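# Analysis of the macromolecular model
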Amino acid sequence: MFRRTFLSVTAVAMLSTPVFAGGHSKDIVDTAVDAGSFTTLVAAVQAAGLVDTLKGEGPFTVFAPTDDAFAALPEGTVETLLMPENKDKLVAILTYHVVPGKVMSTDLSNNMMAATVEGGEITIMTEGGVKVNQANVVQADIETSNGVIHVIDAVILPPSAM
């Protein structure tokens, strides 16, 4: 009796669970919100009007700076970037952190160049730990329903923003 009830409940649960790409139910934005260490990134994505894009089908690879990475920027930088008159610069910086497609850590190679959504290229180094430009990857391969997040410890800037 117990076994039959357990099997029935398990079957109903499996059939009622939505099916998502790769078995991951949350997109990049929702995953970042739930992580709790990307509040500045999420605020910036909202200010830049990129939420719908990053909730889109993708796939996308996001090199996501933590709140500490944003805090390490010169004082006032984040506040200035979040102003409506600086939206174009903010969009450029954020889209420089995004690569089209799903690039897992196993796909990386030393001195690899990757084109970003912003239009520039990032350099990925794999010797002595993975680096994206000057940022260290501190956590890799956080899979989402529409791509993957790699956590980085610094904000990377496109040449156009310097």
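First, a word on what this report is: a plain description of the structure on this page. (Residues numbered from 1 in each chain as written. Predicted model: local features only at pLDDT ≥ 70, side-chain atom pairs only at ≥ 80, totals over all residues. Heavy atoms only, no water.)

The next subject is the nonpolar core. Within the largest apolar cluster, 27 residues are counted, with the highest numbers of intra-cluster contacts made by F38, L41, L54, V62 and L94. For this core, the element with the most residues is helix α3 (residues 39–47), which contributes four residues. Setting aside anything within four residues of it in sequence, one finds F38 in contact with A32, A64, P65, T66, D67 and V151. Membership of the second largest hydrophobic core comes to 15 residues, among which are M112, A114, A135 and A154. (Core = buried A, V, L, I, M, F, W, Y, C linked by side-chain atoms within 4.5 Å. Buried < 20%, exposed > 50% of the residue type's maximum accessible area, 1.4 Å probe, protein only. Helix = DSSP H or I, 4+ residues; strand = E, 2+ residues; numbered from the N terminus. Contact = heavy atoms within 4.5 Å.)

In this structure, the largest pocket occupies an estimated 230 Å³ of space. Around the largest pocket, the lining is made up of 18 residues, and of these V45, L54, V62, L94 and V98 lie nearest the centre. For the lining of the largest pocket, the per-class residue count stands at 15 nonpolar, three polar and no charged. (1 Å grid on protein atoms, 1.4 Å probe; cavity = no way out; pocket = protein on both sides within 12 Å on 5 of 7 lines; lining within 4 Å. Points joined across faces, edges and corners; volume = space filled by probe spheres on them. Nonpolar A, V, L, I, M, F, W, Y, C, P; charged D, E, K, R; others polar.)

Let's shift gears to empty space enclosed by the protein. In this approach the atoms are scanned with a rolling probe the size of a water molecule, which exposes any empty space left behind. The final tally for this structure, using the stated rule, is one cavity of 30 Å³ or more. Taken together, T40, A44, F70, V78, L81, L82, L90 and I93 make up the lining of the largest cavity. Those elements that provide at least two residues to the lining of the largest cavity are α3, α6 (77–81) and α7 (87–95). When grouped by side-chain class, the residues that make up the lining of the largest cavity number seven nonpolar, one polar and no charged.

Because side chains alternate across strand β4 (residues 121–125), one face comprises the buried residues I122 and I124, and the other comprises E121, T123 and M125, none of which is buried. Here four bridges tie strand β3 (residues 112–115) to β4, and the two strands are oriented antiparallel to one another. When the sheet's bridge partners are listed, M113 is paired in β4 with T123. The turn linking β3 back onto β4 is made up of five residues, and G119 within it adopts a positive phi angle of 115 degrees. Bridge count between β4 and strand β5 (residues 131–132): two bridges; the pairing is antiparallel. The residue bridging M125 from the neighbouring strand is K131, located in β5. Connecting β4 to the antiparallel partner β5 that follows it, the hairpin turn spans five residues, and G128 within it adopts a positive phi of roughly 70 degrees. (Pairing = 2+ DSSP bridges.)

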